[in-house]
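In case you want the letters, here they are:
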Amino acid sequence: MNKLILILLAGLILITLSCKHRNRLKADETFLSEEILKEEAEKAEASQTFSAEVGKSTGESFMRMEEDRSPDATNPPIVLDILSGRENPQKVKVSDLFSEIKYIKLEHLPDSAFYERGIDVLISDKFIYGYSMNGIAQYSLDGYFIKYICKNEAFYTKMDRGIMITSEQYNMFIGATNPKLKDGKLYYKYENRPAKSGYLMEYDELAGMETLSLPVQQENSQNIRGLGNPVMDLLANTRNYASNEMMTSPTEINPLGNGLVGFSMRGKPMTRQSNFVTVTSLSGDTVCSMKDYDPINNYSKSVGRGAEDAYNYYLDGFLHLRQVYNDTIYRLIPPNQLIPKYILDFGEFGIESSLEGMDPGFSLENKFVPEDFLETSRFIFFTYTKNYPCPNTAKNGTLKYSRLIYNKKVRKIDYIYVDEQCMVTSGSSWPSAPDLNIENDLDDNPFFWPVDITSSGLPFSAISGKILFEKFESRDFAGYKNLSDKDFVIALYK
Amino acid sequence: MKLTFKILFRKLARKPIYSAITIIGFTFGIAASLLIYLWVYNELSYEKFHPGYKQVYRVLTLSKQGDEIVKSARSYSPLANTLKKDYPQIEYATYLSYSSEDSPLQISDDADKVEARGCWINDDFFNVFDGFEFLEGDKQFVYGDPDNIILNETLAKKLFGQEPALGKTVIINKYTRDVYKVSAVIRIPQQSHIGFDYAFSDKNSQAAAFAGNWSISAHVHSYIKLKEGSEISETFLSEITNLVSRYTSFTDKLVFQPLADIHLFTDYETLFYDKNIGSYKYVLIFSGLAFLIVLMAALNFSVLSIARASERFTEIGVKKVNGAGRIKIAAQFMGESLLQTVTSLVLAVIIVLIVLPWFNSLSGQQLFFHWSLPFILSLILLTAIVGFVAGLYPAFFLSSFKPSGILKGYNPSGAGSGFIKYLPAVQFVIAIFFIIATSVFVKQMNYIRTKDLGFDNDNIVVVPTGLWYDNRTFKEELMKNPNILGVSASVGAPIDFDWHITLPYNRNGENDSLQASLFFADEDFAETYKLEIVKGQFLQMNYANYWEESKKKWESRKGGQKYSMSIPVVINESAEKALGLDDPIGLRLGDDVIVGVVKDFHFRPLHYPITPMVITNNPESIMAMNIKIAPGNRAQTLQFIGDTYRKYRDQRNFSYSFFEDMLSQRYDSEIRLRNLTILFSVLSIIIAMLGILGMSFFSCDRRTKEIGLRKVNGASIHEVILLLNKDFLKWVLVAFLIIVPLSWYIMHNWLQNFAYKTNLSWWVFALAGVLALGIALLTVSFQSWKAATKNPVESLRYE
């Protein structure tokens, strides 16, 4: 009897305890806790060591961090084998890539000069921004003009196929450049070059949220004509970061969130050393300097090639960067981690160094040069050239374009076309990639290769009536008739 | 079978008292275990209304906070979308990003406002939680427009009454006037830990900015749903666990909890967003209780059956002589036991149906009979087990008698069966334990209610206000009323406050940091709650000063300098001790300066010890008014407060709670446990009494001749009573000696759940012993007295 009671009791306890459900994702929490403590200790030690070293050399003591470029062992960088699939480009249907294309025509601005040099577009979750050297304009997501964020005073001289800016005209510039979107805010560099002042401006799209901002008066003493708040004075603090770095126009200012900013060079200086990326606080304190490990030193020639377009971009809230003539795309995790994400493997056709890329003494005729790298949430749209893209190589026929799409989910490259002749439009002497081999089977409109992504990672193109006419000899597009040179239609791919 | 029935009914009718004792005992036992079974069944059924619940996991974070690794349900806004994007094994991933405060909803600008808590969800929410019923609207159209709003059924009723809500307008006019359209009304059952009032899609403009932000968010809970049949490899587990460090500089690790485990196995902080969190410990405890009670009832039956064995001797002897085997006789007795159990089951079900509403209010649950096949089978199984357990020993004991012995007059009843002797002891072990447990629960609850919390919380009315910067004129107007003795604005009432912060400071040239709870209150807080200031002074900065300081800081930032705001803070004694300084007044903590020290007070329930606390004045964190009122004229005072509030803050709904009520709510689960334990204590005592009553009946019955002989030989009534009682009372004593150390151990462990606890006083155990003894005496004495006062002639003639 006693034994029976014990058995029943044990059975009851077992049944109750077994009401815990099977966990297919069970992890050893003790082990993970130890890992966290270990990593935190390593971080703290590395940070202190580095700060001490910097303190010794500069005589100052503040918290700096050493850059960390170690790849993620559990998620190593993806090597994009550019050479594979070149022999077999395929025509692609748009329906294989997207399920819908939305067309948005931007309303004409009151000031038509705004469009004179064309515009670039940024799209957040709430607004569309068109920007040019004449300023930044804000539109609704349906394309209706709302207001100017900043109207620039920009001076230039028009030429036949472009413009010229003298140094005097350059120094007369007042206005906004370098717009970026981050965390529901629009950031831009506001410069008043005559007054030698410059600010990083923050325009909050979503003002009026639950947490109200401080009810301080809008500061006006700096005569800032752009909307938003100045969050960083680009000249005031010269202690830890040369202010002219902040102000120099090839320098991109990339907001990183949490009071940090990343300064990166759009090009590559050939007469002085520069960092790849410098992360600073908004008060200008350098938090981490990420070196350029492929500098050009002691360049003595009087001419050099321009930098290829190593555009930096934001995806999933993170800044991604690539140095010019370099094969690695990094993701920056502030404040100090630069994690390699993709490696462009051009094989024997790759450029060995930035010097090779920029020194005209090195021939790039049989080398591949990255042109456009656009990563979206599902794909990578990549264009590259054989030979350096410029009017001369376009003219002599040695410049060829290739395009591919990389599917991130299945990790596969599909070539659209290989080594095609470039296009040179009538309004410009500069070559561009042809739009070929993608059939728009969703609607009857021509397909334009996406040039950028929205804040939520959707690719889009911005097509002007001028471009439309030059490429397809038509001014009708997406149901809009007779588009003028200053009409812009955004094709948003979903 | 027919014969068995006949014999059973004759037996029951012949000795109605014994029969009543057995059946009542069984009925109570089964009814009690049925109630517990319904409760346990309900506890185990949480989240299972989602068809795909087995594939759903909640994402938890292990992170370093101070020196500890803390597990929490806090998550990151982009985490769900990133998990789904990166891993094909994850079919859907969703998150709830809760709003940090309530918002006022109304159906038109002049309609009444209803305060409700909202959240943002992504497009996968109803794919992960596929069991939520759509009362209005359809899952596939629920997101659509970013300005769609999804309402909980309760909120929809408050706003629209019985009218359909679909397609109608809802206005939230808090800081800006936002208009939404109802796209769905859903029912969230009680068996869910999720409890939002309304939800937006994360495409809504208010959420979009934060959707990609990897800064840690306390208000975000993430969930994933695995693809059925997906392969889970070690590599996948390793990658998914380390995902956060791939996207941020944090060292956090992710762990995953099955959805159906959240209700009973949540051993981490969930802030306020999870509802109905229980504990598997209570499931074990109550399952054990049910087992004990049923065991007591079964033991009653077993022992009474064996004790009355002599009444069945002739029957058994005759059957055996006529060829009946032992198994057949045992089966007959087993059948009798089962039949009585079935009868008791029917009665128990009727009783449970009647008392269930009352039990629901006692337990705080909505239990009901699930007339499903598994439930009915469970009932049958329960009955069978009880009947089997109760009848097994008697069946084999009784069927073991040899016919020769029986027919020669051998009477083994009560002889040799040590088990019978132990019955009172076993039953009183259980009953005394219940008495002790109940006493300790009541003692602890009284202790909690009466313990000095270190501040005066009598007649404090707490009004939630939402973020409210300029409350000064409201306070001033309130203070004009003589029934209002104090008003203070704060982040909330100091009841369950747990915002942590690490503040750096410099001690003797060395940098150090203080981990503390950060509480926001204005300069009137100490006065309103009568905090004792032991050093320095309380906060002196008012909001005007705060704004001036903030502006200076802002301007200096733009100028490239770093201006240190000088905000005064006050710490408690525990913080002073942690700082290790004799006099912390004037010390800089972060950007702030300590101006005073207050005596320690409890700002969390008594489960938690008092930890270091920093009180600071920040108008950007004010969300409640604490109003001390005079004890008299309560109704008028509350009316005045409501009218004044509406005058200054018409955009919000007025509601209030008394501090003591809010505090009681924090101990809800303990109070329910206490109530249930009292109930089952009473039941167990009744069953024990029935057992001992039955035994005393039988004992007196069997000793009729002996008693008669003793009386004839000069024994007094007193002596006879003592003789009859002594046998039972000694076992009560034995039970007491056995259970006291065990119950001390169990209750001591239970009290460890509280940082502040009552003592396990000796008199609790003494009281339980005295009570048990008293109950036993009461039960057996009457029978003993009856037997002792019976005419010996009658007793001897009976023999």
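Residues numbered from 1 in each chain as written. Chains lettered and ligands numbered in written order. Predicted model: local features only at pLDDT ≥ 70, side-chain atom pairs only at ≥ 80, totals over all residues. Heavy atoms only, no water.

Student: I tried to follow the overall build of chain A on my own but got confused; where do I start?
Tutor: On a plain count of helices and strands, chain A comes out with eight helices and 31 strands. Burial status across chain A gives 50% buried among its 494 residues. In chain A, 53% of the contacts between residues at least 6 apart in sequence involve partners at least 24 apart. Carbon together with sulfur atoms contributes 50% to the accessible area of chain A, which is approximately 23100 Å² in total. (Helix = DSSP H or I, 4+ residues; strand = E, 2+ residues; numbered from the N terminus. Buried < 20%, exposed > 50% of the residue type's maximum accessible area, 1.4 Å probe, protein only. Contact = heavy atoms within 4.5 Å. Areas by Shrake-Rupley, 256 points an atom, 1.4 Å probe, with all protein chains shown as cover.)

Student: Can you walk me through the side chain of Arg58 of chain B in this structure?
Tutor: All names here are of chain B. Secondary-structure assignment places Arg58 in strand S1 (residues 56-65). Assessed through its relative accessible area of 0%, Arg58 is described here as buried. A distance of 3.0 Å separates a polar atom in the side chain of Arg58 from a polar atom in the side chain of Tyr268. In this structure Arg58 touches Ala73, His193, His221, Ser222, Tyr223, Val255, Phe256, Gln257, Ile262, Tyr268, Thr270 and Asp274, once residues within four positions along its chain are discounted. (Polar contact = N/O pair within 3.5 Å; in protein donor to acceptor, adjacent residues only side chain to side chain.)

Student: Would you explain the sheet that holds strand S11 (residues 185-192) of chain A in this entry?
Tutor: What holds strands together in a sheet is hydrogen bonding between their backbones, with the strands either parallel or antiparallel. Residues and elements named next belong to chain A. Reading across from one edge, S10-S11-S12-S13 is the order of the four strands in this open sheet, with antiparallel pairing throughout. The open sheet has two free edges, formed respectively by strand S10 (174-182) and strand S13 (229-233), since each of these has just one partner strand. On average, each strand axis in the sheet is inclined to that of its neighbour by 30 degrees, with strand direction left out of account. Where S10 and S11 come together, seven bridges link them in antiparallel fashion. Its bridge partner lying in S11, Lys182 is registered against Lys185. (Pairing = 2+ DSSP bridges. Axes fitted to C-alpha atoms, helices over the stretch in contact; angles between N-to-C directions.)

Student: Hey, could you run me through the packing of aromatic side chains in this one?
Tutor: When we look at a pair of aromatic rings, we describe it by the centre distance and by the angle of the planes. All names here are of chain A. Overall, the coordinates contain 56 aromatic pairs over all chains when judged by the stated rule. With a centroid separation of 5.1 Å and an interplanar angle of 20 degrees, the aromatic rings of Phe98 and Tyr493 are classed as stacked. Here Phe98 is found in the loop between helix H3 (94-97) and strand S3 (101-105), whereas its partner Tyr493 is found in strand S31 (residues 488-493), with 395 residues between them in sequence. In terms of burial, Phe98 and Tyr493 fall into one category: buried. Ring pairing ties together the aromatic residues Tyr313, Tyr342, Phe346, Phe349, Phe368, Phe373, Phe382, Tyr384 and Tyr415, which thus form one cluster. (Phe/Tyr/Trp six-rings, centres within 6.5 Å; stacked < 30°, edge-to-face > 60°.)

Student: Just checking my understanding: could you explain the pairing of strand S19 (residues 318-321) of chain A for this structure?
Tutor: On a regular strand, one side chain projects to one face of the sheet and the next to the other, so that they alternate. Residue and element names in this part refer to chain A. Residue alternation in S19 divides its side chains into two sets, Phe318 and His320 and Leu319 and Leu321, and both sets are buried. One ladder, built from three bridges, connects strand S18 (residues 313-315) with S19; its direction is antiparallel. Each residue of the ladder has a partner; that of Leu315, found in S19, is Phe318. As consecutive antiparallel partners, S18 and S19 are separated by two residues, and within that stretch Asp316 has a phi angle of approximately 55 degrees, a positive value. Relative to strand S20 (residues 328-333), S19 is paired through three bridges, and the arrangement is antiparallel. By the bridge assignment, Leu319 is partnered in S20 with Leu332. The antiparallel pairing of S19 with S20 creates a hairpin that spans six residues between the two strands, and Tyr325 there sits at a positive phi of about 55 degrees.

Student: Help me out: how do you make sense of the environment of Leu589 of chain B in this one?
Tutor: Residue and element names in this part refer to chain B. If you trace the backbone, Leu589 turns up in strand S20 (residues 588-589). Considered as a pair, Leu589 and Ser513 are 76 residues apart in the sequence and their alpha carbons are 8.4 Å apart. Discounting chain neighbours no more than four positions away, the residues touching Leu589 are Leu503, Pro504, Tyr505, Leu514, Ile571, Leu579, Ile594 and Val614.

Student: Honestly, the confidence of the model for chain A in this entry has me stumped. Any pointers?
Tutor: Interpreting fine coordinate detail is not advised for predicted regions of low pLDDT. In this model, chain A carries a mean pLDDT of 80, and residues with pLDDT of at least 70 account for 81%. The model gives residues 238-243 of chain A a pLDDT under 50, and that stretch makes 18 contacts with residues more than four places away or in other chains. (pLDDT = per-residue confidence, 0-100.)

Student: I keep staring at the packing of helix H23 (residues 717-751) of chain B against helix H24 (residues 762-788) of chain B and nothing clicks. Help me out?
Tutor: Packed helix pairs are specified by the crossing angle of their axes together with the interaxial distance, meaning the distance between the axes. All names here are of chain B. Put simply, H23 and H24 touch, their axes get as near as 9 Å, and they point 155 degrees apart. Comparing their axes, H24 and H23 come out roughly antiparallel. H23 and H24 meet at a crossing whose hand is right-handed. Taken together, the residues of H24 that come into contact with H23 (itself represented by Ile717, Val720, Ile721, Leu724, Asn725, Phe728, Leu729, Val732, Phe736, Val740, Ser743 and Trp744) are Phe765, Gly769, Ala772, Leu773, Ala776, Leu777, Val780, Ser781, Ser784, Trp785, Ala787 and Ala788. Partitioning the contact of H23 with H24 into residue classes produces 19 nonpolar, five polar and no charged. (Parallel < 35°, antiparallel > 145°, perpendicular 65-115°, else oblique. Left-handed = near helix turned anticlockwise from the far one by under 90°. Nonpolar A, V, L, I, M, F, W, Y, C, P; charged D, E, K, R; others polar.)

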